[in-house]
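Architecture and fold: a report
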Amino acid sequence: MKVEYLGGLERDGRYKLLQIIYALRLEKERTKDEILERYLNTIYFGNNTYGIQAASEVYFGKKVEDLTLVEGTFLAGLIQAPSSYDPIRRPQQSKRRFGQALDAVVDVGLMEAPEANSIKVCLDPPEDSTVIAECANSWQIPEVVQTIAEKKITRTHFSEEVKSYLLNKSNLLGETYQERYNKLFRGGLSIYTTLDPVAQSAAENARATQLPVNAAGIETAIVTLDSKTGAVRAMVGGKPFIAGRNEVNMALAPRQTGSSIKMFILSAAIQAGVQNDDLLDGTLPCTLPNPDDPKNPFVAEQGVSRPLGPVEEMTWYSINCAFARLSQMVGLDRVVDTTYRMAHNLYLYPERNPAEREPLHPYASFATGANEMSPLDMASGAQTLANNGVHMDPYYIESISGPDGTVLYQHQDEGVAVLTADAAATTTNIMTGVFVSGTARRSALEGRVAAGKTGTQDNNTNSWMVGFTPELVTAVWVGHPDKYLPMVNIPEFVAVGVDNVVGGTFPSRIWKAMMDAALVGQPATFFPTPPANPRASMRLYLPGTDCLTPVTMPPTETSTPTETVPADPTATTVPTTTTTTSTTTSTTSTTLVPPVPDAITNLNTTVPRGVVDPTWPVPTIDPALYTVRSC
């Protein structure tokens, strides 16, 4: 009672009263055998040992189930005052106490008196040659600390995070920290984690073989999840964990994402009714509204320029202007909401205290990676796509069993449908092109399909590859763990043909090496086939930035722009389009007006601020009926 519930309290009258109250409560909730079990698994036995298993190892070098009656009797005698009866430092006191314990065993009928007496005599035999000879092989108290030869346990970023999770981030082992600590280190628990030794070895080997050792300090972090369950199968947090030196787990450290974040924009757009063949302008440079800071518009001048073309091609080639436009067509608040829901995990959720972690913001530069995400966050988001739109929070613990084998905890998660299955299939199908003709075309897997997205932050300070198969999701980050260091002309990288580190270089190479090795022996499977497009290709445009002029200008009636109408997430019907008409006497004026200077208006973004409805339509026009120009 005093160890597990009253540790740290002042030993006064109140302490004694609490002992009595807690003891009475415990007797009502537990059987005597259960109480004894918990007692023996937590009590102190001296020599820095808590619990009878630890005592068995320290004093006899064996597991508790292998103890003899005599050895168990000795340990029972220590409990009253383990420091006073320490056999190594105070052997005479320990022998006297052991003799008392033997008498108690005889009294309860577990041992015959002659056997107990012979043991006691031989503990300190008289100067008699006959007695000394008889005691030659007799039982003696331990004289030195013993150990059990076991497999060496190496602390890793994964094992440290599991420990932190059980102690600080969950109540699986109890409501208070002290209770959790006692159960974790003294409770005799068997904890079964999600780590896959094959996947972990593949990740570690990929880091060692694909990223050259370098004086600049560039490192990589890798997270692999089970596509169906979200289980963390592998985690590399940078340099191997060394207490006091390399403790920061870069697999959980938020960094700017570059273009890898575009997978969330694409997902939100497809969910809202956008098609893979809809047309999008990716011409550089581009100047777009900045809804939260109208005086400073978003200007993109770096990257690849691509003229009007299909959404899928803009994804494959990671066109910044195209996705910056698309993020505002979809609505920046809705993109942020979609990202939170797709990537939700223990460390990333909208309600988290901003003092603990910077929240995601609806930046106009969202598409180019202005927000920070960790490798775990990115893998968590991709898992939603790999699992047909159903998100499963990443987790570390499969189950926990007590000393007697009773299952105390079993992980269960029904998941959350974030995207419709059709939207997830379409998005995934588009992203498979990244490995066919896009930025990761040199890193296609051997004999199996994959989808993904690369990313490179401004000045090559962070580079990413986030990709998945129906079996596994892996996110790879490459960068400097302590600063935003441009990865340009680093000698060790130049020596292997990489002058500038981008997502398609080391991150993709690491990703491929890891995934190929982790999936060896597993049959190749395929992603679901996306549904057929329900309508003809349309032109996507950004109201207030793109102004429309009818190709033909009838004097009375003109067709107004159509809006995509996505399917109800709970329904099975495919998206449709609706068209409305209006009457006008003008034959030359545009249908939209430019945004009001120095003011935020609904024309600056497609979706009104604060609206996150995933089915809100995205504006489209028939390119045969309208031309588009900058307002």
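Scope of this entry: the structure provided in the associated data block. Treat the numbers as computed from the prediction; the structure is a model and nothing was measured.

Definitions and limits used
- Residues numbered from 1 in each chain as written.
- Predicted model: local features only at pLDDT ≥ 70, side-chain atom pairs only at ≥ 80, totals over all residues.
- Heavy atoms only, no water.
- Helix = DSSP H or I, 4+ residues; strand = E, 2+ residues; numbered from the N terminus.
- Buried < 20%, exposed > 50% of the residue type's maximum accessible area, 1.4 Å probe, protein only.
- Areas by Shrake-Rupley, 256 points an atom, 1.4 Å probe, with all protein chains shown as cover.
- Contact = heavy atoms within 4.5 Å.
- Pairing = 2+ DSSP bridges.
- Axes fitted to C-alpha atoms, helices over the stretch in contact; angles between N-to-C directions.
- Core = buried A, V, L, I, M, F, W, Y, C linked by side-chain atoms within 4.5 Å.
- 1 Å grid on protein atoms, 1.4 Å probe; cavity = no way out; pocket = protein on both sides within 12 Å on 5 of 7 lines; lining within 4 Å.
- Points joined across faces, edges and corners; volume = space filled by probe spheres on them.
- Nonpolar A, V, L, I, M, F, W, Y, C, P; charged D, E, K, R; others polar.
- Parallel < 35°, antiparallel > 145°, perpendicular 65-115°, else oblique.
- Left-handed = near helix turned anticlockwise from the far one by under 90°.
- Disulfide = S-S within 2.5 Å.
- Salt bridge = Lys/Arg side-chain N within 4 Å of Asp/Glu carboxyl O.

Counting its secondary structure elements, the chain contains 18 helices and 26 strands. In the chain, buried positions account for 49% of the 631 residues. Counting every atom, the chain has about 29,300 Å² of accessible surface; 53% of that belongs to carbon and sulfur.

Secondary-structure assignment places Leu 225 in strand E4 (residues 219-226). On a C-alpha basis, the gap between Leu 225 and Phe 468 in space is 9.2 Å, while along the polypeptide they are 243 residues apart. Once residues lying within four places of it in the same chain are set aside, the contact partners of Leu 225 are Gly 230, Ala 231, Val 232, Arg 233, Leu 376, Ala 379, Ser 380, Gln 383, Pro 394, Glu 471, Leu 472 and Val 473.

In space, the five strands of this open sheet follow the order E5-E4-E18-E17-E16, with antiparallel pairing throughout. Every interior strand has two partners, whereas the edge strands, strand E5 (232-236) and strand E16 (451-456), have only one. Here the strands of the sheet are splayed against their neighbours by 5° on average, with no regard to which way each runs. Bridge count for E4 against E5 is four bridges, and the pairing is antiparallel. Considered in E5, the bridge of Val 223 is made with Met 235.

The subject of this paragraph is the nonpolar core. In terms of nonpolar packing, the biggest core is built from 113 residues, with Leu 326, Met 378, Tyr 396, Phe 468, Val 478 and Met 514 touching the most fellow members. Beyond its immediate chain neighbours, meaning those up to four positions away, Met 514 contacts Ala 199, Ala 202, Ala 203, Ala 206, Thr 224, Ala 234 and Thr 474. Ile 43, Phe 60, Tyr 85 and Leu 123 belong to the second largest nonpolar core, which has 23 residues in total.

Our focus in this paragraph is helix H11 (residues 262-271). Of all 10 residues that make up H11, 10 are buried, and the element is covered over most of its length. Taken together, the buried positions of H11 are Lys 262, Met 263, Phe 264, Ile 265, Leu 266, Ser 267, Ala 268, Ala 269, Ile 270 and Gln 271.

As a further point, take the layout of surface pockets. Space inside the second largest pocket adds up to approximately 820 Å³. Along the walls of the second largest pocket sit 30 residues, with Ser 259, Gly 303, Asn 320, Thr 456 and Val 502 positioned nearest its centre. Elements that contribute at least two residues to the lining of the second largest pocket include exactly strand E9 (298-300) and E16. For the lining of the second largest pocket, the residue count by class is six nonpolar, 19 polar and five charged.

On to the sheet that holds strand E13 (residues 397-401). Read from one edge to the other, the open sheet built from three strands follows the order E3-E13-E14, with strand pairing classed as antiparallel. Looking at the sheet topology across the chains shown, the edges are occupied by strand E3 (190-193) and strand E14 (407-410). With direction set aside, neighbouring strand axes in the sheet form an average angle of 10°. Taken strand by strand, helix H8 (residues 157-168) contacts E3 and E13, and its axis lies near 60° from that of E13.

This paragraph deals with the packing of H11 against helix H13 (residues 320-330). Where H11 contacts H13, the axes come no closer than 10 Å and their chain directions differ by 45°. As the angle between them shows, H11 and H13 are arranged oblique. H11 and H13 meet at a crossing whose hand is left-handed. The residues of H13 that touch H11, namely those facing Lys 262, Ile 265, Leu 266, Ala 268 and Ala 269, are Asn 320, Phe 323, Leu 326, Ser 327 and Val 330. Split by residue class, the contact of H11 with H13 holds seven nonpolar, two polar and one charged.

Our next topic: the state of the cysteines. Applying the stated rule across the entire model yields three disulfides. Shown here is the disulfide that connects Cys 286 with Cys 321, its sulfur atoms set 2.0 Å apart. Given an S-S torsion of about -95°, the disulfide between Cys 286 and Cys 321 has left-handed geometry. One end of the pair, Cys 286, is in strand E8 (residues 286-288); the other, Cys 321, is in helix H13, with 35 residues separating them in the sequence. Here Cys 547 pairs with Cys 631 through a disulfide, and the sulfurs are 1.9 Å apart. Looking along the S-S bond of the Cys 547-Cys 631 disulfide, the torsion reads about 105°, which is the right-handed sense. Taken together, the residues span a long stretch of sequence, with Cys 547 in strand E20 (residues 546-550) and Cys 631 in the segment after strand E26 (626-630) at a distance of 84 residues.

For the rest of this paragraph, the subject is the pattern of salt bridges. All chains considered together, the criterion is met by 22 salt bridges. A salt bridge links Arg 233 to Asp 226; its shortest N-O distance comes to 3.3 Å. Look at Asp 226 and you get buried, because its relative accessible area is 15%. Between Arg 535 and Asp 278 there is a salt bridge whose closest N-O contact spans 2.8 Å. Taken as a pair, Arg 535 in the loop between helix H18 (506-518) and strand E19 (539-540) and Asp 278 in the loop between H11 and strand E7 (279-282) lie far apart in primary sequence, 257 residues in all. For Arg 535, a relative accessible area of 14% corresponds to the buried category. The structure contains a network of salt bridges with shared partners spanning Arg 155, Glu 160 and Lys 163.

This part is about unusual backbone geometry. Excluding glycine, most residues fall at negative phi; most peptide bonds, likewise, are trans. Omega for the bond connecting Leu 284 with Pro 285 falls within 30 degrees of zero, at -15°, which places this linkage in the cis form. Here Pro 285 shows up in the loop between E7 and E8. For Asn 48, which is not glycine, the phi dihedral falls at a positive 60°. In this fold, Asn 48 is placed in the loop between strand E1 (44-46) and strand E2 (49-50).

To continue, consider empty space enclosed by the protein. Under the defined criterion, the tally for this structure stands at three cavities of 30 Å³ or more. Taken as a whole, the largest cavity spans an internal volume of roughly 40 Å³. In terms of lining, the largest cavity is formed by Tyr 340, Tyr 347, Leu 348, Tyr 349, Pro 350, Arg 352, Arg 357, Glu 358 and Pro 359. A class-by-class count of the residues in the lining of the largest cavity yields six nonpolar, no polar and three charged.

Now for the packing of helix H5 (residues 91-107) against helix H6 (residues 113-123). Contact geometry of H5 with H6 gives a least axis separation of 10 Å together with a crossing angle of 175°. By the criterion of interaxial angle, the relationship of H5 to H6 is roughly antiparallel. Contacts between H5 and H6 involve Lys 95, Phe 98, Gly 99, Leu 102, Asp 103 and Val 106 from the first element and Ala 113, Ala 116, Ile 119, Lys 120 and Leu 123 from the second. Considering only residue class, the contact of H5 with H6 consists of seven nonpolar, one polar and three charged.

Further remarks concern the pairing of E16. In terms of burial, E16 is a largely internal element, five of the six residues being buried. Looking at chain direction, E16 and strand E17 (residues 462-468) are connected through six bridges and run antiparallel. In the strand pairing of E17, Thr 456 is matched with Ser 463. Where E16 folds back onto E17 in an antiparallel hairpin, the turn is made up of five residues, including Asn 459, whose phi is positive at roughly 65°.

None of this, on its own, says anything about what the molecule does.
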